[in-house]
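Here is what each chain is made of, one letter per residue.
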Amino acid sequence: MAEEVKLFRTWSSPVALRVIWALELKGIPYEVILEDLSNKSSLLLQYNPIHKKVPVLVHNGKSIAESLVILEYVEETWKQTPLLPEDPYERAMERFWAKFGDDKVLPSLWNVFNKQGKDQEEAIVPAQENLTYLEELLRGKIFFSGERIGFLDLAFGWLANMVSVFEEVMGATVLDNQKLPSLSAWMKNFMDAPIIKESWPPRDKLITKYQALREARIEKEAPK
Amino acid sequence: MVDEVVLLDLWASMFGMRVRIALAEKGVKYEYMEDDWRNKSDLLLKMNPLHKKVPVLIHNGKPVCESLIIVQYIDEVWKDKSPLLPSDPYQRAQARFWADFVDNKVYGVSRRVWATKGEEQEAAKQEFFEIFKILEGELGDKPYFGGETFGFVDIALVTFYSWFYVYETFGKFSIEAECPTIIAWAKRCMQKESVAKTLPDQKKVLESLLSS
């Protein structure tokens, strides 16, 4: 039976990119369905009724949601170019750090992004602490998963692009290259890696989008 | 080499209970170490420096943290007995999705049901039932979330059953009245030795919360 693989994404979603990278690295043909989250398609709502979000992978008519769950599904279904290590302990470690990325690192960076002035200065402290953990995790390695790009690199991949977009929009630095040399090097290596480098959304479009988003959020927070 | 398995835990932690059920399902011998949430042990701080929380499974000296990650680890290491996740990748993805849903939704709202008052509590109660109704929908008329056999999602959710008396007492509601299918499912799970021996008595959990 011919495989039918569809991916629901938005043009800018960093977590949808995780699935794109996995499919591309494994050489799996797929069709993209571009969503507009302000006007969700009935298909998206049918395939992800619980969260109504992207990404959603539809494989031969069956849908899977949540980017890290989708990554594990892709890994188990198409075994070429393995993304996770074979050893159960190493796998547990990659899952642990991927969860840390989504539960702590990303929200702490959003917290910096959504604020200004003294509030922002205070928010930068825990964000930088989180990034320091990643620096330690990388020490001595090119990629989080070792010699080649793997699950954990895909899980953190959004950092390689979004940190500099956030910093340009905010006019503030969160990631100090001097203090986090391994993480800075990883960001550059990942950003420019084959396959990965062709996937980034247009930077000017991202800047415009996130500028508008930040203005709207700061306006909302401002005392009336 | 003989396996050395240690579990750092708190008896009333619904996250720790997940690990205890998994270990019992697999028949793994382990040393249980009760931590003290008011005075965290040096061992806990060393084994989980990032989050400083239980449960932590220490297998031959190496720590694994985060309860659902630990349960998957247990399933992969002791793979010859009682699989906790299905073998089919699509079924596994569904199991992970719903376990994730439990983690992201059930704990937060449950806590607000007993820890808040007034309008905040009323909103929490409403959300609590919305979430459990979704879970009832997913369960349908299957005996377990995984189908015919007890598995990953059942383990993720059933441990909250030991806290139901807490939620009902503080929230002044009956979970059985709103979600009878969930109660029937929980009682079915309690017939399994691994669950019955792990989950503490509901009244004991309430007493310990009231006296803390």
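Note that the coordinates shown come from a computational prediction; the quantities given were computed from them, not determined experimentally.

### Quick look at unusual backbone geometry
Consideration 1: A cis amide bond, omega 0°, links Val 54 of chain A with the succeeding residue Pro 55 of chain A.
Consideration 2: With respect to the helices, strands and loops of the structure, Pro 55 of chain A is situated in the loop between helix H2 (42-47) and strand S3 (56-59).
Consideration 3: Following Val 54 of chain B, the chain continues to Pro 55 of chain B via a peptide bond in cis, the omega torsion being 0°.
Consideration 4: One non-glycine residue, Ile 195 of chain A, lies in the positive phi region at around 75°.
Consideration 5: For Ile 195 of chain A, the location among the structural elements is in the loop between helix H7 (181-191) and helix H8 (203-221).
Consideration 6: Positive phi, normally seen in glycine, also occurs at Lys 172 of chain B, with a value near 55°.
Consideration 7: Within the secondary structure layout, Lys 172 of chain B lies in the loop between helix H7 (164-171) and helix H8 (175-178).

### Observations regarding the pattern of salt bridges
Consideration 1: The tally for this structure, following the rule as stated, stands at 22 salt bridges over all chains.
Consideration 2: Across the pair Glu 76 of chain B and Arg 91 of chain A runs a salt bridge, and its minimum N-O distance is 3.0 Å. Taken as a pair, Glu 76 of chain B in helix H3 (residues 67-77) and Arg 91 of chain A in helix H4 (residues 88-113) lie in two separate chains rather than in one. By the burial criterion, Glu 76 of chain B is buried, and Arg 91 of chain A matches it.
Consideration 3: Residues Glu 168 of chain A and Arg 203 of chain A are paired through a salt bridge, measuring 2.8 Å at the closest nitrogen-oxygen approach. Of this pair, Glu 168 of chain A sits in helix H6 (residues 151-170) while Arg 203 of chain A sits in helix H8, and the two are 35 residues apart along the sequence.
Consideration 4: Assessed through its relative accessible area of 47%, Glu 168 of chain A is described here as partly exposed.
Consideration 5: According to the relative accessible area criterion, Arg 203 of chain A is partly exposed, its value standing at 34%.

### What to know about the interface of chain A and chain B
Consideration 1: In this complex, chain A contributes 24 residues to the contact, which on the side of chain B involves 25 residues.
Consideration 2: In total, chain A and chain B occlude about 2,300 Å² of area from one another, counting both sides; carbon and sulfur atoms represent 68% of this.
Consideration 3: Taken together, the connections running from chain A to chain B amount to 6 salt bridges.
Consideration 4: Counting across the interface, chain A meets chain B through 8 residue pairs in polar contact (both at pLDDT 80 or more).
Consideration 5: Among the elements that take part in the side of chain A that touches chain B, H4 of chain A stands out by supplying 11 residues, more than any other.
Consideration 6: In terms of residue class, the side of chain A that touches chain B is made up of 13 nonpolar, 3 polar and 8 charged.

### Focus: helix H5 (residues 118-139) of chain B
All names here are of chain B.
Consideration 1: Across its 22 residues, H5 extends 32 Å between first and last C-alpha, which sits within 8% of the 32 Å expected from 1.5 Å per residue.
Consideration 2: The set of residues buried in H5 consists of Gln 121, Ala 124, Lys 125, Phe 128, Phe 129, Ile 131, Phe 132, Leu 135, Glu 136 and Leu 139. The buried residues of H5 occupy an angular sector of 170° when projected down its axis, which confines them to one face. Set apart from the buried face of H5 by more than 90 degrees, the exposed residues are Glu 119, Gln 126 and Gly 137.
Consideration 3: Contacts made by the buried residues of H5 are with helix H4 (89-115), helix H6 (152-158), H7, H8 and helix H9 (180-190).

### Topic: the UniProt feature "domain: GST N-terminal" (unreviewed entry) in chain A
Consideration 1: What UniProt calls "domain: GST N-terminal" (unreviewed entry) maps, in this numbering, to residues 3-82 of chain A.
Consideration 2: Measuring from the first to the last C-alpha atom of residues 3-82 of chain A gives 19 Å, for a span that is 36% helix and 21% strand.

### Points about the UniProt feature "domain: GST N-terminal" (unreviewed entry) in chain B
Consideration 1: The sites that carry the UniProt feature "domain: GST N-terminal" (unreviewed entry) are, in the present numbering, residues 3-82 of chain B.
Consideration 2: Along residues 3-82 of chain B, the helical share is 38% and the strand share 21%, with 19 Å between the first and last C-alpha atoms.

Rules of the game
Residues numbered from 1 in each chain as written. Chains lettered and ligands numbered in written order. Predicted model: local features only at pLDDT ≥ 70, side-chain atom pairs only at ≥ 80, totals over all residues. Heavy atoms only, no water. Helix = DSSP H or I, 4+ residues; strand = E, 2+ residues; numbered from the N terminus. Salt bridge = Lys/Arg side-chain N within 4 Å of Asp/Glu carboxyl O. Buried < 20%, exposed > 50% of the residue type's maximum accessible area, 1.4 Å probe, protein only. Contact = heavy atoms within 4.5 Å. Buried area = accessible area lost by both parts, 1.4 Å probe. Polar contact = N/O pair within 3.5 Å; in protein donor to acceptor, adjacent residues only side chain to side chain. Nonpolar A, V, L, I, M, F, W, Y, C, P; charged D, E, K, R; others polar. Expected span 1.5 Å × (residues − 1). Arc of directions from axis to C-beta. UniProt positions renumbered as here; feature names shortened; annotations may be inferred.

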